[in-house]
Number of protein chains: 2
Amino acid sequence: AGAAPHDGAAAAVPPFPLAELRLRRVLRESARDKAVFLHGEVSSPSGEGTDAVIILEKTPFQEEKVLDLLKKHTKLELQMRNDIYSTYHLYPPPELSEIKTTVVYPATEKHLQKYLRQEVHLIRETWEDYQNITLPFIQSQSFSIQWVYNILEKKAEADRIIHENPDPCNGFVLVPDFKWNQTQLDDLYLIALVQRREIKSLRDLTAEHLPLLRNILQEGKEAIAKRFGVPGSQLRIYLHYQPSYYHLHVHFTALGYDAPGCSVERAHLLADVIDNLAMDSMYYQKRALTFALRADELLLKKFQEAGRV
Amino acid sequence: AGAAPHDGAAAAVPPFPLAELRLRRVLRESARDKAVFLHGEVSSPSGEGTDAVIILEKTPFQEEKVLDLLKKHTKLELQMRNDIYSTYHLYPPPELSEIKTTVVYPATEKHLQKYLRQEVHLIRETWEDYQNITLPFIQSQSFSIQWVYNILEKKAEADRIIHENPDPCNGFVLVPDFKWNQTQLDDLYLIALVQRREIKSLRDLTAEHLPLLRNILQEGKEAIAKRFGVPGSQLRIYLHYQPSYYHLHVHFTALGYDAPGCSVERAHLLADVIDNLAMDSMYYQKRALTFALRADELLLKKFQEAGRV
């Protein structure tokens, strides 16, 4: 979605009547991110209520305005003092405490569901579970991965390719992930997409794939060091299970960046995957694997129907 | 450190002269956490400068004040509008936009180093590395773990124990982690401390420890479900490698909570550890393990001296 108004009239539309909003409930909040997701309602002149989602998020500090903040605070209250440590409540003037506000209006039930905090369930998937539940589910979904093929065939993003190994069996393409804007290295994020099309996920890997995986690890590190100056020792290199699309790919993120999806219940270090396969070619066709599913995900329903949750 | 003043005079000490602070540099910032760590300087009457660390962190939204925020904003600027989506800059009144401010004053070089952004390096530790570098380092450090023994012997925190299995070989004690204030379940965090004292870390585990590990997994889940109503499927249960202290312990955190130290380069799911040991008793005396070290950590220096980084 671009930033341009949707139609010529949009510029004349008055701001959303935030002050008249009735708060229905808090859909979700994140203490860490300093964000809150609200379900609100606005009455039309006829008195009918229309739903809206309002997202409030505090903004990061701007380095050039930090000094202003220290000097122009409206009030500073001492909270506690112990030896060399003290804490205060500082109340900044409005112009230095912007809140990013996003409104979805009118909002449908689907929007409300999207932002509602969902319970998350951990699944411990055995190989039998994979064959009986997960694999049939993947095959029934026919997720489109045309966008992956477009990159591999240079029909899209050809100018974004950072490195390519064209070998049809052991080759891959390295591209920046969409989440990374490439303007700073702090949140560096690249993806290696394998040339081969039949490897769905970690579950399909055997010792046969070791040359491919070693190429990705070695050449991926070298290409990132060369292009971005970030050494391999400062990269987190891993696969997701479950992945968000079933064409084998590997994530490269800056080690100092707390990237979404890098926690232990989803990420598998490529170096560990290689060692596991070198030790036992069938490691990923034997071992139980853990992953989390949101309450609204269809795959969870399949595990529930099978009596496995 | 308690919240009480350090001495009788403290109450009379005026607030830290924030407005007179000279900003030397930004030590670190976190766009995700909305926090910034500053190195400042204050001049004494004699003109000499004294260092200070100032930490600014925006505070989470409070549910009961969200409505006030929407109604009492001082200014609302439309940023972009597209179809049902619109974004705004909202400027709240000072009383609704508190910033938590922490001051360390006077600060030493050690304090400045602590908050300075440190480069992080990934280590791939082989079993030989462990024996030649890591183990001698651990033994030379003589980290005090008296606080762990105090808990096991009921000399401290006895009233905080959630569950105890007193078996000297396969038993453990489950206590809330210090980071968790127990007022909400969102960031639930408990620790299981084993009764046995000779198991330093993951590296010492063999199939001999399976009964102990299975007790922790099973009884830990049951105790948390019983006391806090959180089912096992909503818990992330894992060990750290490297751990922060070398007495075997297991972390239990809420699955929905993005706990520090739960990312793939540090956390090992207890269920995976059990399966690995069941498959191969010597798994953790064979396998390379990955972990990250900050540039100022002594263990990194040891790996560098050994030419392993």
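Here is what the cut-offs are and how they apply
- Residues numbered from 1 in each chain as written.
- Chains lettered and ligands numbered in written order.
- Predicted model: local features only at pLDDT ≥ 70, side-chain atom pairs only at ≥ 80, totals over all residues.
- Heavy atoms only, no water.
- Contact = heavy atoms within 4.5 Å.
- Buried area = accessible area lost by both parts, 1.4 Å probe.
- Salt bridge = Lys/Arg side-chain N within 4 Å of Asp/Glu carboxyl O.
- Polar contact = N/O pair within 3.5 Å; in protein donor to acceptor, adjacent residues only side chain to side chain.
- Helix = DSSP H or I, 4+ residues; strand = E, 2+ residues; numbered from the N terminus.
- Nonpolar A, V, L, I, M, F, W, Y, C, P; charged D, E, K, R; others polar.
- Pairing = 2+ DSSP bridges.
- Core = buried A, V, L, I, M, F, W, Y, C linked by side-chain atoms within 4.5 Å.
- Buried < 20%, exposed > 50% of the residue type's maximum accessible area, 1.4 Å probe, protein only.
- Arc of directions from axis to C-beta.
- Domains from an automatic or database assignment.
- Least-squares fit on C-alpha atoms with pLDDT ≥ 70 in both.

Asks: What am I meant to see in the interface of chain B and chain A here?
Replies: Accessible area lost during the coming together of the parts is what is often quoted as the interface size. If you look at the interface, chain B gives 98 residues, while chain A gives 98 residues. For the pair chain B and chain A, the summed buried area comes to about 9000 Å², and 58% of that belongs to carbon and sulfur atoms. Where chain B packs against chain A, one counts 13 salt bridges. Linking chain B with chain A are 40 residue pairs in polar contact (both at pLDDT 80 or more). Here the side of chain B that touches chain A takes seven residues from strand β5 (residues 85-91) of chain B, the largest share from any one element. In terms of residue class, the side of chain B that touches chain A is built from 54 nonpolar, 20 polar and 24 charged. As judged from the six bridges shared by strand β6 (residues 99-104) of chain A and β5 of chain B, these two strands associate in the antiparallel manner. Bridging from a neighbouring strand, I99 of chain A pairs with L90 of chain B of β5 of chain B.

Asks: What am I meant to see in the nonpolar core here?
Replies: Here is a general trend for soluble globular proteins: nonpolar side chains tend to be buried in one another's company. Judged by nonpolar contacts, the single largest core of 132 residues is most densely connected at F252 of chain A together with F252 of chain B. If we skip the residues at most four places from it in the chain, F252 of chain B touches L174, L188, Y189, L190, A192, I216, G220, K221, I224, L235, R236 and I237 of chain B.

Asks: What should I look at first to understand helix α7 (residues 298-305) of chain A in this one?
Replies: Each α-helix turn comprises 3.6 residues. Residues three or four places apart therefore point the same way. Residue and element names in this part refer to chain A. Among all positions of α7, only L299, L300 and F303 are buried. Projected down its long axis, α7 shows its buried positions confined to an angular sector of 105°, all on one face. Buried-residue contacts for α7 involve β7 (120-125), α3 (127-141) and β14 (289-294). At the C-terminal side of α7, G307 shows a positive phi close to 70°.

Asks: Hey, could you run me through the domain arrangement of chain A in this one?
Replies: Segmenting chain A into domains produces domain 1 (8-115) and domain 2 (120-305). Using only C-alpha atoms to locate each centre, domain 1 of chain A and domain 2 of chain A end up separated by 35 Å.

Asks: Honestly, the relation of the copies chain B and chain A in this entry has me stumped. Any pointers?
Replies: Relating one copy of the chain to the other takes a rotation about an axis and a shift parallel to that axis. Least-squares fitting of chain B to chain A yields an RMSD of 0.6 Å, with the superposition described by an axial translation of 0.3 Å and a rotation of 180°. The relationship between the two copies is best expressed as a two-fold rotation axis. Residues of chain B ranked by C-alpha distance from the rotation axis are headed by S263 of chain B, positioned 1.9 Å from it. Looking at the interface residues of chain B, 100% of them are also at the interface in chain A, so both copies use one shared face.

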